[in-house]
Structures are given as C-alpha cells and as structure tokens.
Amino acid sequence: MNIYGDCSFCGGEVEEKSIEYDYRRQSHLLIVSNVPAGVCRQCGEKYFKPGILKKMDQVYHDIFDRHQIPERVVEIPAVSFQA
Ligand SMILES: [Zn+2]
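What you are looking at is a predicted structure, and each value in this text was computed from that prediction instead of being measured.

Conventions adopted
Residues numbered from 1 in each chain as written. Predicted model: local features only at pLDDT ≥ 70, side-chain atom pairs only at ≥ 80, totals over all residues. Heavy atoms only, no water. Pairing = 2+ DSSP bridges. Helix = DSSP H or I, 4+ residues; strand = E, 2+ residues; numbered from the N terminus. Contact = heavy atoms within 4.5 Å. Axes fitted to C-alpha atoms, helices over the stretch in contact; angles between N-to-C directions. Donors = N, O, S within 2.8 Å, 3.2 Å for Na, K, Ca; no water.

Engineer: Sorry, what's going on with the sheet that holds strand S2 (residues 28–40) here?
Structural biologist: Whether parallel or antiparallel, the strands of a sheet pair through hydrogen bonds between backbone atoms. Spatially, three strands are ordered S1-S2-S3 in an open sheet, and the strand pairing comes out antiparallel. Looking along the sheet, the strands with just one partner apiece sit at the ends: strand S1 (14–25) and strand S3 (46–47). One ladder, built from two bridges, connects S2 with S3; its direction is antiparallel. Across the sheet, the residue bridging to Gly38 is Tyr47, located in S3. Strands S1 and S2 of the sheet are contacted by helix H1 (residues 52–64), whose axis makes an angle of about 165 degrees with S2.

Now the structure itself:
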C-alpha cells in the first residue's frame, strides 16, 4: 500500500526515499538531508507525510530565531540571470 497515493500531477507511482530538501522561507535557506519523502517515479514531484514539514519548520526556527548551531554551513553561489 502506498501511503502517499499516486502523483497528483502525472498519476505516477510515488515511492518513499530519503532526500535532501531545500527548505526556504523568507530570505533564509536551510538544507535538510535524510528527509523521508514520497518522490514520483515519473516527474519527481515530492510529497511529505504530515509532520515532516512541521518538523523542518521547527528546525528552521531553532536555527534562525533561536540561534541553534547547525551541523554544517555551506556557501551558496548566487547570480542574476543574464539573457
Ligand atoms: Zn508525477
């Protein structure tokens, strides 16, 4: 039985994987690895069980509001698109 159901975009099969997720809110970006998520085999759309996003939101606030030290900090290059 598939706890995520079929993909609501393409109808493809959704399988559980452990993914790295870019959790972005306002101006902050938090990279969370080992997140359990349903990923569509056809289009790659991601689905989360209830509680997973809430948990990531808690960690987000722990780090950006309550100044908890993250496991690691990465530098991310940023550019403006030039046509
Ligand atoms: Zn899909």
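So that's the structure; there's more coming.
Engineer: Sorry if this is basic, but what is going on with the coordination of the zinc ion here?
Structural biologist: Ideal geometry at a metal centre gives angles of 109.5 degrees when four donors are arranged tetrahedrally and 90 or 180 degrees when six donors are arranged octahedrally. Every protein donor of the zinc ion is accounted for by Cys7 (SG), Cys10 (SG), Cys40 (SG) and Cys43 (SG), and the metal-donor separations fall at 2.2 to 2.4 Å. In the primary sequence, the donor residues of the zinc ion line up as C-x2-C-x29-C-x2-C. Taken together, the residues span a long stretch of sequence, with Cys10 in the segment before S1 and Cys43 in the loop between S2 and S3 at a distance of 33 residues.

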